[in-house]
Amino acid sequence: MNNSISTKYYSSSAIVNEVLRLAQGVAVPGMSVASICSYADTLVDAYTQSIHRKEKDIERGISFPTTVSVNRVIQNYSPPLNSDYVLRDGDVVKIEVGAHIDGYIASAAHTVVATGSPGETIADRRADVISAAYFASEVAARMVQPGQSPRSLIKAIGLVASGYNCSVAEDTYTCQIDRFVLAGKTTFANRFNPDLLAPDVTFETGEMYTIDCTLSSGDGVARASNHDPSVYQRDVNRQYSLKLRTSRALFSEVRKHCSVFPFLMRDIAGDNQTLKAGVSECVRSQLLVPFSVTVDKSQGDVFVAQFKLTVLCNYTGPVRLTRALPMPNVRSSTAIPETSEIGQILALPCTQAELPELPRLQTRVNAPVPLRAADAGASAMDIS
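Residues numbered from 1 in each chain as written. Predicted model: local features only at pLDDT ≥ 70, side-chain atom pairs only at ≥ 80, totals over all residues. Heavy atoms only, no water.

So, about the sheet that holds strand 10 (residues 231-234). Within the open sheet, the three strands sit side by side as 11-10-12. Their pairing is antiparallel. Among the strands making up the open sheet, the edge pair consists of strand 11 (263-264) and strand 12 (288-291). Bridge count between strand 10 and strand 12: four bridges; the pairing is antiparallel. Its bridge partner being in strand 12, Val 231 is matched across the sheet by Phe 291. (Pairing = 2+ DSSP bridges. Helix = DSSP H or I, 4+ residues; strand = E, 2+ residues; numbered from the N terminus.)

Our next topic: helix 2 (residues 33-50). Helix length check: helix 2, at 18 residues, gives a terminal C-alpha distance of 26 Å against a target of 26 Å (1.5 Å per residue), a fit within 8%. With 13 of 18 residues buried, helix 2 lies mostly within the body of the structure. Capping the start of helix 2 is the job of one residue whose side-chain oxygen sits 3.3 Å from the backbone nitrogen of Ala 34: Ser 32. Phi for His 52, located one or two positions after helix 2, is positive at around 50 degrees. (Expected span 1.5 Å × (residues − 1). Buried < 20%, exposed > 50% of the residue type's maximum accessible area, 1.4 Å probe, protein only. Polar contact = N/O pair within 3.5 Å; in protein donor to acceptor, adjacent residues only side chain to side chain.)

Here the focus is the pattern of salt bridges. Oppositely charged side chains can pair when the atoms bearing their charge come close. Applying the stated rule across the entire model yields ten salt bridges. Of the charged contacts in the structure, one is a salt bridge between Arg 126 and Asp 124, with a shortest N-O distance of 2.9 Å. Note that Arg 320 is salt-bridged to Glu 138, the shortest N-O span being 2.6 Å. With a gap of 182 residues between them, Arg 320 in strand 15 (residues 317-320) and Glu 138 in helix 3 (residues 125-143) connect regions that are remote in the sequence. Residue class for Arg 320 comes out buried when judged on its relative accessible area of 8%. Residue Glu 138 is classed as buried on the basis of its relative accessible area, which comes to 9%. Members of the salt-bridge network, linked through shared partners, are Lys 8, Glu 55, Asp 102 and Arg 179. (Salt bridge = Lys/Arg side-chain N within 4 Å of Asp/Glu carboxyl O.)

This model, assessed by the stated rule, comprises seven aromatic pairs. Taken together, a centroid distance of 5.6 Å and an interplanar angle of 80 degrees make the contact between Tyr 134 and Phe 307 edge-to-face. Within this pair, whereas Tyr 134 is found in helix 3, its partner Phe 307 is found in strand 14 (residues 304-314), the two being separated by 173 residues in sequence. Both residues of the pair, Tyr 134 and Phe 307, count as buried. A centroid spacing of 6.5 Å and a plane angle of 40 degrees characterise the contact between Phe 188 and Phe 203, whose relative ring orientation is tilted. You can see Phe 188 sitting in strand 7 (residues 187-189) and its partner Phe 203 sitting in the loop between strand 7 and strand 8 (208-216), a full 15 residues away along the chain. For the residue pair Phe 188 and Phe 203, the accessibility class agrees, reading buried in each case. One aromatic cluster is present, formed by Tyr 134, Phe 135 and Phe 307 through successive ring pairs. (Phe/Tyr/Trp six-rings, centres within 6.5 Å; stacked < 30°, edge-to-face > 60°.)

Time to look at the packing of helix 1 (residues 3-25) against helix 2. Relative orientation of the contacting elements helix 1 and helix 2 amounts to 150 degrees, with a least axis distance of 10 Å. If you check the angle between helix 1 and helix 2, you find them roughly antiparallel. By crossing handedness, the relation of helix 1 to helix 2 is classed as right-handed. In contact with Ile 15, Glu 18, Val 19, Leu 22 and Ala 23 of helix 1, helix 2 contributes Ile 36, Tyr 39, Ala 40, Leu 43, Val 44, Tyr 47 and Thr 48. Class assignment of the residues belonging to the contact of helix 1 with helix 2 gives a composition of ten nonpolar, one polar and one charged. (Axes fitted to C-alpha atoms, helices over the stretch in contact; angles between N-to-C directions. Parallel < 35°, antiparallel > 145°, perpendicular 65-115°, else oblique. Left-handed = near helix turned anticlockwise from the far one by under 90°. Contact = heavy atoms within 4.5 Å. Nonpolar A, V, L, I, M, F, W, Y, C, P; charged D, E, K, R; others polar.)

The subject of this paragraph is the packing of helix 3 against helix 4 (residues 150-163). At their nearest, the axes of helix 3 and helix 4 sit 9 Å apart, and the two run at 160 degrees to each other. When the axis of helix 3 is compared with that of helix 4, the two are roughly antiparallel. Crossing of helix 3 against helix 4: the hand is right-handed. Residues Ala 132, Phe 135, Ala 136, Val 139, Ala 140 and Met 143 of helix 3 pack against Ser 152, Leu 153, Ala 156, Ile 157 and Val 160 of helix 4. A class-by-class count of the residues in the contact of helix 3 with helix 4 yields ten nonpolar, one polar and no charged.

Another point: the pairing of strand 1 (residues 60-70). Among the eleven residues that make up strand 1, ten are buried, leaving the element largely enclosed by the rest of the structure. Bridge count for strand 1 against strand 3 (residues 92-101) is eight bridges, and the pairing is antiparallel. By the bridge assignment, Ser 69 is partnered in strand 3 with Lys 94.

By themselves, these are just geometric observations and shouldn't be taken as functional.
Dropping the structure here:
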């Protein structure tokens, strides 16, 4: 990997780190999920425009729209205002951010608990699943080194999950990334499936990965929620002659404004009902791929936690590009023995990359504020 490429990966990572830090700071009771998503996406756009300014013609911006998935929701929740959710005290909040410079991607996610009492220690099942997901991500990062295999990584994540009586969520992946590629040739599910084994390969020097450690206090089996997808991606390898004028108009807008990266449909169609009417045919013809909002289908109170990171497989061992933010104030009754297999992996080194300092933004991006109690009550809805 030459210096120009590594610089752009590192710049994207620095942006993701800063935006995720700011976004998790506003995940408090009374805050609108839609406002957090909008805030983080605006920050990503602002920071990506503020660096590498001499390279005026390169593409830059959001590699995956910010999602804020709450409690039992597993992934992909970025609601429009008309189906928004307002955070409540005690909610488990997963925030995922993605950015790219010239197609070189970084992605990370962090879990917090929305609370008005930050000094209070959480010691229930939320503590178990947050601890499990955090340590699973730390173990997984240390497995990305030359000679290790995806199957060993999947086994290690599963051992951490079972130790906390949790489950790895379905449809969550470790993805090899490349320029303009979110899921490259070595991409595999982190949940063990005997009918769909991970590729029998090993990690190689110079490869870059995103690792999505999403664990559930339930069974981890995913089902589609009642929320319509808001995130879509264009399949640039697919061709189809659309029949409806509305579909052709929508797809024309998508081609005009979107490249290979996922996007929010509301950024393209807005409130234009004519364009919205074209979504169905574009999806049926597989020109557009929706990212379903999924939830854990287990009964009862279920919580899902997520920690995601970007890692370089270096010849000296794993190099972590995105930084770990401080853990929420949780205390699980389960501990990982230092002499156990997982304890020994956690003792291995994982180098943190030295990232560039970001410039001060020329235009201030105002943080959202929580809704008043009356407004929050009126806006609250069933997240599942």
